[in-house]
Amino acid sequence: MAINPIHPVAISARGDVKDETLISVKGVNVRFSGQQVLQNINLSIPKGSFVSLIGPSGCGKSTLLKVLAGLVEPSDGEVTIAGLSPSEATRRQMIGLVFQEANLLPWKNAVDNASLLLSIADRSLSRAELRARGQNMLELVGLGDSAHKYPHQLSGGMRQRVAIARALSLDPAVLLMDEPFGALDAITRDVMSQSLLEIWERTGKTVVLVTHSIDEAVHLSRDVHVLGIRPGRITKSLDIDLPYPRDLTLAEKPEFLRLMVQMRTALRASHQPGETS
């Protein structure tokens, strides 16, 4: 079976690829053992956009990401990915997942870890084909020279790059990321955030990122949705009207600082409990 390459996509200064909605969330509620975890979540995420979910601990950010991935079934409401249910989208390899821990197999080197999901998804591929794809993905994330290194030989940031390469190996339409840089030091986190932005600009994937970092959300995103607590609900949606491409010097600009203040104000408000319906 031939492996389709990931083709570069031109990202406009606004960050749009197409206006069509790829991810639709309508009236979603999630309850666990009678407790309201998410309440009346409504989202419309365009194809090719970069969206962040931010909020206090326990507000349901990760639960919402799991709903999008088809790992948690909503109690009410509807979620579609390109018109499909999340579970069907996952079955069709349209969703890639990256978590805070890289979870690489310690006995496999970087190139074999990067191609692991593909080896499971398509057992007809030869070892050479798998390694070629893994190598291409490592080059995409800037680790082409580290293909034969094992996880213990890689830094935390490098291991996360391999995890991103692994998620991209199936060429998913959507990349769901749950605090992928949360365990990294500040400087490495900045480097990884910029690397992710460059990968997104090159591939045009639709990215949904869960983060606790205000500057990370503003630096990366086209839109940011702030979630409140008890129950988890969207309290504010912010349009990040900064042009792409972006780099680390953006943090020095007045427009960036203005959006940081808006985000911090929204986050303070999100710590106030809401009322369940």
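So, how was this worked out
Just so you know, the residues in each chain are numbered from 1, in the order the chain's sequence is written. Reporting of local features is limited, given that this is a predicted model, to residues whose pLDDT is at least 70; pairs of side-chain atoms are given and counted only at 80 or more, and all residues count toward the totals for whole chains, interfaces and linings. Side-chain metrics in this entry use all non-hydrogen atoms of the structure; hydrogen atoms and water are not considered. pLDDT measures how confident the predictor is about each residue, on a scale from 0 to 100. Contacts are assigned to residue pairs with any non-hydrogen atoms lying within 4.5 Å of each other. Working definition of a nonpolar core: buried Ala, Val, Leu, Ile, Met, Phe, Trp, Tyr and Cys residues. They are joined through side-chain atoms within 4.5 Å. Exposure categories follow from relative accessible area, calculated using a 1.4 Å probe and restricted to protein chains: below 20% of the type maximum is buried, above 50% is exposed, and the middle band is partly exposed. Going along the chain from the N terminus, every DSSP run of H or I of four or more residues is numbered as a helix, and every run of E of two or more is numbered as a strand. Any Lys or Arg side-chain nitrogen located within 4 Å of an Asp or Glu carboxyl oxygen qualifies as a salt bridge.

Draft legend 1. Main features of the confidence of the model for the chain. Of all residues in the chain, 92% have pLDDT values of 70 or greater, and the mean over the chain is 91. This model gives residues 10-14 a pLDDT under 50, and the stretch forms 15 contacts once residues within four places in sequence are excluded.

Draft legend 2. Representation of the nonpolar core within the structure. By size, the foremost hydrophobic cluster in this structure holds 33 residues, and its most contacted members are F50, L138, I164 and M177. Elements represented by at least two residues in this core include exactly α3 (110-114), α5 (127-140), α6 (156-168), β6 (174-178), α7 (186-203) and β7 (206-211). Looking at this core, the element that brings in the most residues is α6, giving six residues. Formed by 31 residues, the second largest nonpolar core is a distinct cluster that contains L43, L53, V79 and M94.

Draft legend 3. Layout of the pattern of salt bridges. Summed over all chains, the structure comprises nine salt bridges. The residue R31 makes a salt bridge to D76 at a minimum N-O spacing of 2.7 Å. One end of the pair, R31, is in strand β1 (residues 21-32); the other, D76, is in strand β4 (residues 76-81), with 45 residues separating them in the sequence. With relative accessibility at 35%, the residue R31 sits in the partly exposed group. A salt bridge links R91 to E88; the shortest N-O distance between them is 2.7 Å. Highlighted residues: R91 and E88, both in helix α2 (residues 86-91), separated by three residues, approximately one helical turn. A network of salt bridges, in which partner residues are shared, links E88, R91 and R92.

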